[in-house]
Amino acid sequence: MNQEVIRRHYLDAMGITAWASRYQLPNALPTEACEWEEAKPASVPPRERLQALLDDAPAPRRASSEARKPGAQKPDTAVASPSAVRALLAKETHSSDKRGSEKPGLEKHGQADQANTQPEVTPAVETVPAKPLKFALSCLCVDSRWLVMQAGDMSVLEQRLLANLLHAAGIYQGALPEVTRFTWPPMVNAFAVEDPLDEAREGLAAFIAGQASRQDWKLERLLWWGGLEVEPDTHSGAEQATLGRVLDVTQAHSQTLSLPVWQGPALASLLEGASNKRDLWPALQALGQQWAAGLTDDR
């Protein structure tokens, strides 16, 4: 016998409930295979158990001669024979079937009864369980104030370009903090969900709130790189579109994170030529002024 089965037998004998994992966590070893016990047979319904007892019961004893004498008092409790109980059960089943098959008639001003039409029963449609949304993002926080976010991974060249853009706009002069990657769903074999979009929004909000609590962030704004141009035919475009739905940006404000949003082009597109950087420069200058105004308000 497998050691796991023996262990479960001991736990059951001691009254300890054994628990088994339902999902495989990331980087976790697979569950060891063992010979599980077969499921117990289903219990017999009460009506069938009663019928079996009646079939095995002996015939009732006849009443004594004293009880048959005229004037003798009848006992308070009556003894029912198995045949009588069986007949009662059969009668009850027959009457219930008869009541179910009867159809009530319709009467109106003494006219003849009209047959009821049975309502049309529509077959139940099998609902397919929804699958969770799948997306990944990279984020970092500048000076514990402004949250920088991009769909997918942020390469080393993109991180260097981001640092140069923020430095040129006068937003941040130091080295950027380490980039944190977030993937949804967090489990390898994720279970079915009721509302994939709402659960993805709650998961992202919980992740950002946890990062802010651990690292003492005071978030004021979200810089979302890649929210302007979306190409759904590509993998990066699909990730940007999914992230846009999760962020739920309305009138330059993320409803999911409760932060004002500044949207810029994807960092990868700015690496392709100098014209894209020149087009972005006026927006970066305005962003630098907002950064300086925030520093003045803090003072």
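Residues numbered from 1 in each chain as written. Predicted model: local features only at pLDDT ≥ 70, side-chain atom pairs only at ≥ 80, totals over all residues. Heavy atoms only, no water.

> How would you explain the environment of Leu-271 if you had to name every residue and give the values?
Within the element layout of this structure, Leu-271 appears in the loop between helix 8 (267-270) and helix 9 (274-298). Of the residues examined, Leu-271 reaches a relative accessible area of 40% and is grouped as partly exposed. Expressed as a C-alpha distance, the spacing of Leu-271 and Glu-158, which sit 113 residues apart in the sequence, is 7.8 Å. Ignoring anything within four residues of it in the chain, the contact list for Leu-271 reads Leu-157, Glu-158, Leu-161 and Lys-277. (Helix = DSSP H or I, 4+ residues; strand = E, 2+ residues; numbered from the N terminus. Buried < 20%, exposed > 50% of the residue type's maximum accessible area, 1.4 Å probe, protein only. Contact = heavy atoms within 4.5 Å.)

> How would you summarise the packing of aromatic side chains if you had to cite specific residues and measurements?
What the rule picks out here adds up to five aromatic pairs. On the numbers, 4.4 Å between centres and 25 degrees between planes, the contact of Phe-182 with Phe-207 is stacked. Residue Phe-182 is located in strand 3 (residues 180-184), and its partner Phe-207 is located in helix 6 (residues 196-215); the two are separated by 25 residues in the primary sequence. Taken individually, Phe-182 and Phe-207 each receive the classification buried, so the pair is uniform in this respect. The structure contains a cluster of three or more aromatic residues connected by ring pairs, namely Phe-135, Phe-182, Trp-184 and Phe-207. Looking at Arg-145, its charged tip hangs above the ring of Trp-291, at a distance of 4.1 Å from the centre. Arg-221 extends its terminal NZ or CZ atom over the ring of Trp-146, reaching a point 5.5 Å from the ring centre. (Phe/Tyr/Trp six-rings, centres within 6.5 Å; stacked < 30°, edge-to-face > 60°. Lys NZ or Arg CZ within 6 Å of the ring centre and 35° of its normal.)

> With reference to specific residues and values, describe the side chain of Arg-221.
For Arg-221, the position within the fold is in strand 4 (residues 221-225). One buried charge, Arg-221, has no salt-bridge partner; the nearest side chain with opposite charge is Glu-220, at 6.8 Å. The residues touching Arg-221, leaving out its near neighbours within four places in the chain, are Arg-145, Trp-146, Leu-147, Leu-259, Pro-260, Trp-262, Leu-287 and Gln-290. (Lys, Arg positive; Asp, Glu negative; His and termini not counted. Salt bridge = Lys/Arg side-chain N within 4 Å of Asp/Glu carboxyl O.)

> Mind laying out the state of the cysteines, listing which residues take part and the relevant values?
One pass over the structure, following the stated rule, counts zero disulfides. Unpaired in this structure, Cys-139 has its nearest cysteine sulfur neighbour in Cys-141, at a distance of 8.8 Å. Given the relative accessible area of 7%, Cys-141 is considered buried. (Disulfide = S-S within 2.5 Å.)

> Talk me through the pairing of strand 1 (residues 135-142); I want residue IDs and the actual numbers.
Burial analysis of strand 1 places eight of its eight residues in the buried class, which makes it a mostly covered element. Inspection of the sheet shows strand 1 paired to strand 3 by five bridges, in the antiparallel sense. Bridge assignment links Phe-135 to a residue of strand 3, and that residue is Trp-184. Bridging between strand 1 and strand 2 (residues 146-151) involves six bridges; their strand directions are antiparallel. The partner of Val-142 across the bridge, within strand 2, is Trp-146. Counted between consecutive antiparallel strands, the loop separating strand 1 from strand 2 contains three residues, among which Asp-143 sits at a positive phi close to 55 degrees. (Pairing = 2+ DSSP bridges.)

None of this, on its own, says anything about what the molecule does.
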